[in-house]
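# Summary of the model geometry
Residues per chain are reported as follows:
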Amino acid sequence: QVQLVESGGGLVQPGGSLRLSCAASGFTFHNYAIGWFRQAPGQEREGVSCISISDGSTNYEDSVQGRFTISRDNAKNTAYLQMNNLKPEDTAVYYCAAAGRLHCLFEDYYYDYWGQGTQVTVSS
């Protein structure tokens, strides 16, 4: 059974940090590109960051560039999203997704598996 389980969300003050984790099972994790997406209330889901398997290259949405860092530990079948200097506009449900492709994209259709999401709230 394929599963992606996000954790690490919560309430944090502006300027604070959180590290999200995405634990995978039921598929060959190291053969999948990983993406992190988010969806704020009333807004469409958007790509935040992704990491390829071909060369480990990473991509970031402009608003999180320099603040967020994506990584993966294939030995633990887990991906991470380190989020620093969080802002109120980062408030959203964050999802991880896995794509059986070499490279990563910020397109929903590209991904085969999705987690249930974890809430991140940035507020004072």
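Our subject is the structure that appears above.
Below: a short report on this structure. (Residues numbered from 1 in each chain as written. Predicted model: local features only at pLDDT ≥ 70, side-chain atom pairs only at ≥ 80, totals over all residues. Heavy atoms only, no water.)

## Some words on the pattern of salt bridges
Across all of its chains, the model carries five salt bridges by this definition. The shortest N-O distance in the salt bridge between Glu 61 and Arg 38 comes to 4.0 Å. Here Arg 38 lies in strand 4 (residues 33-39) and Glu 61 lies in the loop between strand 6 (58-60) and strand 7 (68-73), a separation of 23 residues in the sequence. Between Asp 90 and Arg 38 there is a salt bridge, and its shortest N-O distance comes to 2.9 Å. (Salt bridge = Lys/Arg side-chain N within 4 Å of Asp/Glu carboxyl O. Helix = DSSP H or I, 4+ residues; strand = E, 2+ residues; numbered from the N terminus.)

## Here's the deal with the packing of aromatic side chains
Under the defined criterion, the tally for this structure stands at seven aromatic pairs. Aromatic side chains Phe 27 and Tyr 113 sit 5.0 Å apart centroid to centroid with 40° between the ring planes, which places their arrangement in the tilted category. You can see Phe 27 sitting in the loop between strand 3 (18-25) and strand 4 and its partner Tyr 113 sitting in strand 10 (residues 113-114), a full 86 residues away along the chain. What makes Tyr 113 partly exposed here is its relative accessible area of 26%. (Phe/Tyr/Trp six-rings, centres within 6.5 Å; stacked < 30°, edge-to-face > 60°. Buried < 20%, exposed > 50% of the residue type's maximum accessible area, 1.4 Å probe, protein only.)

## Re the pairing of strand 3
With five bridges connecting them, strand 1 (residues 3-7) and strand 3 associate as antiparallel partners. Along strand 3, the bridge assignment pairs Glu 6 with Cys 22. Note that strand 3 and strand 8 (residues 78-83) share six bridges and pair antiparallel. Each residue of the ladder has a partner; that of Ser 21, found in strand 8, is Tyr 80. (Pairing = 2+ DSSP bridges.)

## A closer look at the environment of Cys 50
Tracing the chain through its elements places Cys 50 in strand 5 (residues 46-51). As a C-alpha pair, Cys 50 and His 103 span 53 residues in sequence and 8.9 Å in three-dimensional space. Setting aside residues up to four positions removed in sequence, Cys 50 forms contacts with Ile 34, Gly 35, Ser 57, Thr 58, Asn 59, Ile 70, Cys 104, Leu 105, Phe 106 and Tyr 111. (Contact = heavy atoms within 4.5 Å.)

## With respect to the sheet that holds strand 7
Strand order in the open sheet formed by four strands is 1-3-8-7, with antiparallel pairing between adjacent strands. Of all the strands in the sheet, just strand 1 and strand 7 have a single pairing partner and so form its edges. In this sheet, adjacent strand axes meet at a mean angle of 15° when their direction is disregarded. (Axes fitted to C-alpha atoms, helices over the stretch in contact; angles between N-to-C directions.)

## A short note on the state of the cysteines
Evaluation of the coordinates by the stated rule reveals two disulfides. Here the disulfide map of the chain reads 1-3, 2-4, the bonded cysteines being numbered as they appear in the sequence. (Disulfide = S-S within 2.5 Å.)

## Quick notes on the pairing of strand 11 (residues 118-122)
Burial of strand 11 is one-sided: the residues Thr 118, Val 120 and Val 122 facing one way are buried, the residues Gln 119 and Thr 121 facing the other way are not. Direction of pairing for strand 2 (residues 10-12) relative to strand 11: parallel, over a ladder of three bridges. Bridge pairing in strand 11 places Val 12 opposite Val 122. When strand 9 (residues 92-99) meets strand 11, the two strands line up antiparallel, connected through three bridges. Residue pairing in the sheet places Ala 92 in a bridge with Val 120 of strand 11.

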